[in-house]
Amino acid sequence: MPDLQAWLREQRQLSIRALLDGPLTKEDLAPRLELSPQRVADIASGHGRSKAKRTKPAA
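We now turn to the structure provided with this report. (Residues numbered from 1 in each chain as written. Predicted model: local features only at pLDDT ≥ 70, side-chain atom pairs only at ≥ 80, totals over all residues. Heavy atoms only, no water.)

**Here's the deal with the environment of Lys26**
In plain terms, the rule: Starting at the N terminus, helices and strands are each numbered in turn, a helix being any DSSP run of H or I of at least four residues and a strand any DSSP run of E of at least two. Here the term buried applies to any residue with accessible area under 20% of the maximum for its type, exposed to any over 50%, and partly exposed to those in between, with areas from a 1.4 Å probe on protein chains only. In this analysis, two residues are considered to be in contact whenever any of their non-hydrogen atoms come within 4.5 Å of each other.
With respect to the helices, strands and loops of the structure, Lys26 is situated in helix α2 (residues 26–33). Owing to a relative accessible area of 32%, Lys26 belongs among the partly exposed residues under this scheme. Between the alpha carbons of Lys26 and Ala41 there is a distance of 6.6 Å; along the sequence they are 15 residues apart. The contact partners of Lys26, leaving out residues within four places of it in the chain, are Leu20, Pro37, Val40 and Ala41.

**Things to note about the nonpolar core**
Cut-off, in case you're wondering: In these notes, a set of buried Ala, Val, Leu, Ile, Met, Phe, Trp, Tyr and Cys residues joined through side-chain atoms within 4.5 Å is what counts as a nonpolar core.
Ranked by size, the top nonpolar core spans six residues in total: Ile16, Leu29, Ala30, Val40, Ile43 and Ala44. For this core, the secondary structure elements donating two or more residues are α2 and α3 (37–45). With three residues, the single largest contributor to this core is α3. The contact partners of Ala44, leaving out residues within four places of it in the chain, are Gln13, Ile16, Arg17 and Leu20.

**With respect to the environment of Ile16**
Locating Ile16 in the fold gives a position in helix α1 (residues 2–21). We classify Ile16 as buried; its relative accessible area is 6%.

**Regarding the environment of Thr25**
If you trace the backbone, Thr25 turns up in the loop between α1 and α2. Taking C-alpha positions, Thr25 is 9.6 Å from Ala41, a pair spaced 16 residues apart along the chain.

Everything listed is a geometric property; what it means functionally is a separate question.
Here it is in structure tokens:
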């Protein structure tokens, strides 16, 4: 499943980027996708929703 999820994420990013390369802006696209403009920008840039794992600093 991880491979499929990675592929789907990549396809979503490519689709969003293709739409943004056209006449649409993230503000135009967001309500059509029921997302915020920031989330559209995050998807287009490849950022995920999960927070980065933090490691504890060495003592």
